[in-house]
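For reference, the chains in residue letters:
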Amino acid sequence: MPDKAILIVVDGLTPATFENAVGDRSAPTLSRLADAGVYRRGVTTFPSLTPVCLTSIATGVHPDVHHIPHLVWWNRDERRIVEYGSSFGAIRAAGTRRSIRDTIVGMNQQHLAKDAETMYEAVDAAGKTAAAINITCYRGAYRYLPTVPGLAPATFGPRRFFFYNLYQSDPIGAPLSVRNRAAGSTDGYAAAAGRWLVTRDGFDLLVFYLSDFDFASHKLGPDGAHEALARCDAAIGSLVDAAGGFDEFVARYAILLCSDHGQTHVHEALRLQDHARNEDIVTASNRAGMIYTTDARAAAARLDAVAGVDVAFFLEDGRVVARRDGAEDAAILDDYPEGRTRVEAALRNPNAGEVLVSAATGWEFADLGGSHHAGGGSHGSLTAGDSEVPLLGIGIDPPGRTVDLKAALLAHVLRRAAVPA
Ligand SMILES: [Zn+2]
C-alpha cells in the first residue's frame with residue numbers, strides 16, 4: 001500500500017443512509033469504495049455537534065483535551081457568548097461580525113487548546129505535506145492572509161489549505177463556495193480544490209470535508225436528502241476521476257470515509273432558557289444544551305419533568321452525576337454508546353457549562369435566535385442515532401471511534417518518516 005491517505009468527512013451522514021445508498025447502489029462512488037474496503041459503525045464524541053466532532057477528528061481527542069465544547073458556549077474569561085453558526089438568527093443575536101470571526105479564526109487560534117495537536121501539524125512537522133479543504137478545525141504552521149484583504153484576519157493552516165475561498169494556499173480558480181448553498185456550491189468548491197490536489201498528487205494526507213449533506217438533512221430529515229447525497233457521491237467521484245480512475249485512486253491513496261455525527265428526526269422544540277434561573281446562562285442549539293450556573297444540582301433538578309429533556313449531567317465532588325426524570329444513577333450512562341467516557345470528557349472541558357443536557361428523541365432546543373429544525377433532522381444528543389457514524393476504510397482498518405481516526409491516519413502516512421532512513 002502507498003503511504004498517502006485521504007480522509008473524507010461527509011457531515012451528518014448516518015450509518016443507515018450510507019448503508020442504504022451502498023445497498024441499492026444509488027451512490028455509485030460510495031458503493032465502489034465499500035466493495036473495496038472494510039465497513040463498520042463507529043461512535044463520535046459528545047455533544048454530537050459539528051465544531052466539537054470535527055475538532056475531535058482532527059486532534060484525536062475528546063473535548064476535555066481540545067476544549068471546543070459546543071456550537072454555542074459562554075466564554076468565562078471574556079464574559080461573552082461564542083456562537084459558531086447555529087443559524088442566521090443565532091449569529092445575529094450573538095453579534096454577526098464577532099460570530100463570523102469566532103467561527104473562521106477564533107475557534108482555531110484562541111479556543112482550540114494549544115497542546116491539542118492537529119493531524120496537519122503532525123504531518124507537516126514530519127516533513128510531509130498535509131492538506132485540508134473546508135474543515136473547520138484546520139490549525140497548522142503556515143500563515144495565510146484572506147483572499148479578499150480585510151475580510152478576515154490572517155490565520156494558520158496546513159501546508160496546503162483551502163477554506164471556502166477565504167483562504168487558499170494555491171490559486172485554483174474555483175467557483176465561489178457561498179454562491180448557492182442549497183444547490184451544493186460549498187461542496188462544489190471543495191470538489192474543485194480536491195481535484196486540483198489529486199491531479200497534482202500534491203499531499204501526503206488530505207482531509208476532504210463535505211458540509212452540504214448536513215445542511216440538506218436538517219431540512220429534509222436524515223433519510224430524505226437524496227439529492228445532496230448524490231452530489232456528495234459526485235464530489236468524491238471527481239477525486240477518483242482526477243486520479244485517472246478507481247484502480248489508480250485506491251492504488252495511490254489509502255482512504256478513510258466517515259461522518260462527524262449522525263442525525264435523527266425532530267418534531268418539537270423547546271427553549272431550555274425557560275427552565276433555568278435568570279442568573280444562569282443557558283447555551284443551547286440542536287439537541288444539546290449547557291447551563292452555566294453556581295448550583296449544578298438545582299439546575300439539573302429543574303429539568304426533571306421537562307418534556308424534551310432526556311438526561312442532564314454534572315460533576316459533584318469530582319464525580320459524574322447523570323440525572324433522568326429525577327433519578328440519579330451512573331448506570332444511566334450505559335444506555336448510550338460510550339456513554340461514560342463521552343459524558344466525562346464533555347464535562348471536564350473547561351469551556352463547558354456546569355450542566356450538560358441531552359435532548360429526548362424527537363426534540364430539539366431552540367437556539368439564541370429561536371431557530372430550530374422541527375419537521376426535519378437534528379443531532380447533538382448522546383443517543384445512538386445522533387452519535388453513530390459510518391466508518392469505511394480502504395487500505396486502513398477503520399477504527400470504532402472517530403477520536404481514533406487521527407492515530408490510524410498518522411500510523412499510515414508517517415510510518416516511513418517514523419523509521420530513520
Ligand atoms: Zn448539523
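Our structure is the block above this text.
Just so it is clear, the structure is predicted and the values come from calculations on it, not from any experiment.

Parameters and conventions
Residues numbered from 1 in each chain as written. Predicted model: local features only at pLDDT ≥ 70, side-chain atom pairs only at ≥ 80, totals over all residues. Heavy atoms only, no water. Axes fitted to C-alpha atoms, helices over the stretch in contact; angles between N-to-C directions. Helix = DSSP H or I, 4+ residues; strand = E, 2+ residues; numbered from the N terminus. Parallel < 35°, antiparallel > 145°, perpendicular 65-115°, else oblique. Contact = heavy atoms within 4.5 Å. Nonpolar A, V, L, I, M, F, W, Y, C, P; charged D, E, K, R; others polar. Buried < 20%, exposed > 50% of the residue type's maximum accessible area, 1.4 Å probe, protein only. Pairing = 2+ DSSP bridges. Salt bridge = Lys/Arg side-chain N within 4 Å of Asp/Glu carboxyl O. Phe/Tyr/Trp six-rings, centres within 6.5 Å; stacked < 30°, edge-to-face > 60°. Donors = N, O, S within 2.8 Å, 3.2 Å for Na, K, Ca; no water. Core = buried A, V, L, I, M, F, W, Y, C linked by side-chain atoms within 4.5 Å.

Chemist: Can you explain the packing of helix H2 (residues 28-36) against helix H10 (residues 226-242)? Please cite residues and give values.
Modeler: Between two packed helices, both the angle of their axes relative to each other and the distance between the axes serve to describe the pair. At a minimum axis distance of 7 Å, the contact between H2 and H10 shows a crossing angle of 60°. When the axis of H2 is compared with that of H10, the two are oblique. Residues Pro 28, Thr 29, Leu 30 and Leu 33 of H2 lie in contact with H10, whose contacting residues are Leu 229, Asp 233, Ile 236, Gly 237 and Val 240. Broken down by class, the residue content of the contact of H2 with H10 amounts to six nonpolar, two polar and one charged.

Chemist: Mind laying out the pairing of strand E13 (residues 281-285), listing which residues take part and the relevant values?
Modeler: Here E13 lies mainly inside the structure; four of its five residues are buried. Sheet analysis places E13 next to strand E14 (residues 288-292), joined by five bridges and oriented antiparallel. Note on E14: the bridge partner recorded for Ile 281 is Tyr 292. Linking E13 to E14, which pair antiparallel, is a turn of two residues; within it Asn 286 sits at a positive phi near 55°.

Chemist: A description of the pattern of salt bridges should follow, citing residues and the corresponding values.
Modeler: Taken as a whole and judged by the stated rule, the model has 26 salt bridges. Its salt-bridge partner being Asp 3, residue Lys 128 comes within 3.2 Å of it at the nearest N-O pair. A residue pair is termed long-range when its members are at least 10 positions apart, and Lys 128 in the loop between helix H7 (119-125) and strand E5 (130-133) and Asp 3 in the segment before strand E1 (5-10) qualify at 125 residues. Lys 128 gets classed as buried once you look at its relative accessible area, which sits at 17%. The partner of Arg 323 in a salt bridge is Glu 328, and the shortest N-O contact between them spans 2.8 Å. Exposure remark for Glu 328: the relative accessible area of 34% places this residue in the partly exposed category.

Chemist: Please set out the packing of aromatic side chains residue by residue, giving values where relevant.
Modeler: Following the criterion strictly, the structure yields twelve aromatic pairs and no others. With 4.8 Å between their ring centres and 90° between their planes, Phe 163 and Tyr 164 make a pair best called edge-to-face. The class for Phe 163 is buried, based on a relative accessible area of 4%. Judged by its relative accessible area of 22%, Tyr 164 is partly exposed. Between Phe 249 and Tyr 253, the ring centres sit 5.8 Å apart and the planes meet at 70°, which makes this aromatic pair edge-to-face. Across the pair, Tyr 253 and Phe 249 agree in class, each one buried. Through a chain of ring-to-ring contacts, three or more aromatic side chains come together here, namely Tyr 138, Tyr 144, Phe 161, Phe 163, Tyr 164 and Tyr 167.

Chemist: A description of the coordination of the zinc ion should follow, citing residues and the corresponding values.
Modeler: Protein ligation of the zinc ion involves Asp 214 (OD), His 218 (NE2) and His 379 (NE2), the donor distances falling in the range 2.0 to 2.1 Å. Linear spacing of the donor residues for the zinc ion on their chain is D-x3-H-x160-H. Taken together, the positions of Asp 214 and His 218, both in helix H9 (residues 212-220) and four residues apart, correspond to about one turn of that helix. Take Asp 214 and His 218: they sit in the same class, and that class is buried.

Chemist: How would you summarise the nonpolar core if you had to cite specific residues and measurements?
Modeler: One finds Leu 7, Met 119 and Phe 313 to be the most contacted residues of the largest nonpolar core, which totals 61 residues. In terms of residue count, helix H15 (residues 405-413) provides more of this core than any other element does, five residues in total. Once residues within four sequence positions are removed from consideration, Met 119 is found in contact with Leu 7, Ile 57, Ala 58, Leu 205, Val 207, Lys 406, Leu 409 and Leu 410. Judged by nonpolar contacts, the second largest core, of 47 residues, contains Ala 190, Ala 235, Phe 246 and Leu 392.

Chemist: Outline helix H3 (residues 50-59), listing residues and values.
Modeler: Burial analysis of H3 places ten of its ten residues in the buried class, the great majority of the element. For H3, every residue scored as buried is listed here: Thr 50, Pro 51, Val 52, Cys 53, Leu 54, Thr 55, Ser 56, Ile 57, Ala 58 and Thr 59. Within two residues after H3, Gly 60 carries a phi angle of roughly 75°, on the positive side.

Chemist: I'd like to hear about the sheet that holds E13, residue by residue, with values.
Modeler: What the six strands build is an open sheet, ordered E13-E14-E18-E15-E16-E17; its pairing is antiparallel. In this open sheet, the two edge strands, each paired with only one partner strand, are E13 and strand E17 (327-328). One ladder, built from five bridges, connects strand E15 (residues 309-316) with strand E18 (residues 355-359); its direction is antiparallel. Opposite Val 311, over in E18, you have Ser 358 as the bridge partner.

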